[in-house]
Amino acid sequence: MEKDIKTILTECGFGFKKQLGQNFITDKNLLSSIVAASGVDGGDTVVEIGCGAGTLTRAIAQRVKRVIAFEVDKTLQPVLAQTLSGLENTEVVFRDFLKVNMPEFERETGEYFVVANLPYYVTTPLIMKLIEDSDKCKGLSVMVQEEVAERLCASAGTPEYGAITAMIALKAECKIVKRVPRTMFYPRPNVDSAVVKFTFNGGIEVTDKAKYKKVVHAAFSSRRKTLENNLVNSFGLTRARAQEILTDCGIDLKARGETLTPEQFSRLSDKL
Ligand code: SAM
């Protein structure tokens, strides 16, 4: 009989590292529904980041052409040798994905989709890396704690909306495609999770991405201040000039940054 994942982890003497967000998924139905929700299929190459004990890796590998799985914790090697045995389309790279040189990596990989189940402190830099440094990533499905998922997909004017949401709009659209209760993880975390699917569709029109980023960060630098005040402080504008630009863009002088849509940030950055 096939050994269960908990037995393999115990036999390999594996010790969970909380700081690496090591909460694994073992339920086969859930694993295949996560792969289905991420939309990867057929001839796709999938880059999985944080393969853990390889349960999601195996579910992905059964559906696509090629899997490149990154895992930062080398002590998972004996576990993965068992859980991924016999999968000829899968290779494991024991490396921190955040340190990968993207142009070099993408020259070898070609177009690919990313699937990841990661702790929050890795998710934001990962999203930014794919938005800013990647040319060949066509989509990303990432499992994060539910509250973070709500923030990533928030609309302008809501309390969850922040700089990360406006930055995502530079390249992608995203939506929550699946909710996963905490009871489905081993060991069980303190929060529920959700899968967010990003489609890299070219994003909104932006003339100068560096300036857009600066405007977004200025707008959210102090959420309690008006956008006018944040622009004066971050761009060294006179108050009169800041007001003139906001009026030109049709933005209320009392507006706060969090009420602006990504398209409005783009128009504003063109005027600055
Ligand atoms: N994919 C598995 C699953 O769904 O059961 C494991 C998910 S577990 C939440 C996250 C995994 O990501 C851990 O095994 C951790 O060691 C790994 N990890 C954390 N940071 C990483 C990074 N920067 N690069 C690669 N792997 C990382």
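To be clear, the structure that these remarks concern was listed above.
Now for a look at the structure at hand. (Residues numbered from 1 in each chain as written. Predicted model: local features only at pLDDT ≥ 70, side-chain atom pairs only at ≥ 80, totals over all residues. Heavy atoms only, no water.)

The next point concerns the nonpolar core. In this structure, Phe-198, Tyr-212 and Phe-265 are the most contacted members of the largest nonpolar core, which totals 61 residues. Of the residues forming this core, the biggest block, 6 residues, is contributed by helix H6 (residues 120-133). Sequence-distant contacts of Phe-198, defined by excluding residues within four places in its chain, comprise Ile-127, Gly-139, Leu-140, Val-142, Leu-152, Ile-168, Ala-172, Glu-173 and Cys-174. In terms of nonpolar packing, the next biggest core, distinct from the first, is built from 33 residues, Leu-31, Phe-94, Val-115 and Phe-185 among them. (Core = buried A, V, L, I, M, F, W, Y, C linked by side-chain atoms within 4.5 Å. Buried < 20%, exposed > 50% of the residue type's maximum accessible area, 1.4 Å probe, protein only. Helix = DSSP H or I, 4+ residues; strand = E, 2+ residues; numbered from the N terminus. Contact = heavy atoms within 4.5 Å.)

Interhelical geometry of helix H9 (residues 209-219) versus helix H10 (residues 227-235) gives an angle of 125° and a closest axis separation of 8 Å. As summarised for this structure, H9 and H10 are arranged oblique, according to the angle between their axes. Between H9 and H10 lies a crossing whose hand is right-handed. When H9 is examined against H10, the residues Lys-214, Val-215, Ala-218 and Ala-219 are found in contact with a partner set consisting of Leu-227, Asn-230, Ser-234 and Phe-235. Classifying every residue of the contact of H9 with H10 gives 5 nonpolar, 2 polar and 1 charged. (Axes fitted to C-alpha atoms, helices over the stretch in contact; angles between N-to-C directions. Parallel < 35°, antiparallel > 145°, perpendicular 65-115°, else oblique. Left-handed = near helix turned anticlockwise from the far one by under 90°. Nonpolar A, V, L, I, M, F, W, Y, C, P; charged D, E, K, R; others polar.)

Our focus in this paragraph is helix H5 (residues 102-109). Three or more residues of H5 are buried, namely Met-102, Phe-105, Glu-106 and Thr-109. All buried residues of H5 fall inside an arc of 95° around its axis, so they share one side. For H5, the exposed residues set more than 90 degrees away from the buried face come down to Glu-104, Arg-107 and Glu-108. For H5, the elements touching its buried residues are strand E2 (45-49), strand E3 (66-70), strand E5 (112-117), H6 and strand E6 (137-145). For H5, the capping residue at the N-terminal end is Asn-101, with a side-chain oxygen 3.0 Å from the backbone nitrogen of Glu-104. (Arc of directions from axis to C-beta. Polar contact = N/O pair within 3.5 Å; in protein donor to acceptor, adjacent residues only side chain to side chain.)

We now examine the pairing of strand E9 (residues 193-200). When you tally the buried positions in E9, you get 6 out of 8 residues, the bulk of the element. Relative to E9, E6 runs antiparallel, the two sharing 7 bridges. Its bridge partner lying in E9, Gly-139 is registered against Thr-199. Bridge count between strand E7 (residues 172-180) and E9: 8 bridges; the pairing is antiparallel. When the sheet's bridge partners are listed, Val-180 is paired in E9 with Ser-193. (Pairing = 2+ DSSP bridges.)

Attention now goes to the pairing of E6. With 7 of 9 residues buried, E6 is to be regarded as a mostly interior element. Handedness of the β-α-β unit built from E5, H6 and E6 comes out right-handed. (Right-handed = clockwise from strand over helix to strand, strands pointing away.)

Looking now at the pattern of salt bridges. According to the stated counting rule, one finds 12 salt bridges in the structure shown. The shortest N-O distance in the salt bridge between Lys-213 and Glu-132 comes to 2.8 Å. One end of the pair, Lys-213, is in helix H9; the other, Glu-132, is in helix H6, and 81 residues separate them in sequence. On the accessibility criterion, Glu-132 (40% relative accessible area) is partly exposed. (Salt bridge = Lys/Arg side-chain N within 4 Å of Asp/Glu carboxyl O.)

Our focus in this paragraph is helix H11 (residues 239-248). Of the residues making up H11, those classed as buried are Ala-242, Ile-245 and Leu-246. Looking straight down H11, one finds its buried side chains confined to an arc of 100°; they lie on one side. Residues of H11 that are exposed and angled more than 90 degrees away from the buried face: Ala-240, Thr-247 and Asp-248. As for H11, its buried residues are in contact with H10 and helix H12 (262-271). One or two positions beyond H11, positive phi appears at Gly-250, with a value near 70°.

With that out of the way, let us pick up the packing of aromatic side chains. Any two aromatic rings considered together are summarised by their centre-to-centre distance and by the angle between their planes. As enumerated under the stated definition, the model contains 10 aromatic pairs in all. Geometrically, the ring pair formed by Phe-16 and Tyr-186 is edge-to-face, given 5.5 Å between the ring centres and 85° between the ring planes. Highlighted residues: Phe-16 in the loop between helix H1 (5-11) and strand E1 (24-25) and Tyr-186 in strand E8 (residues 185-186), separated in sequence by 170 residues. Through pairs of rings, three or more aromatic residues link up here, namely Phe-14, Phe-16, Phe-24 and Tyr-186. A cation over an aromatic ring shows up here: Lys-129 above the ring of Phe-97, its NZ or CZ 5.9 Å from the ring centre. (Phe/Tyr/Trp six-rings, centres within 6.5 Å; stacked < 30°, edge-to-face > 60°. Lys NZ or Arg CZ within 6 Å of the ring centre and 35° of its normal.)

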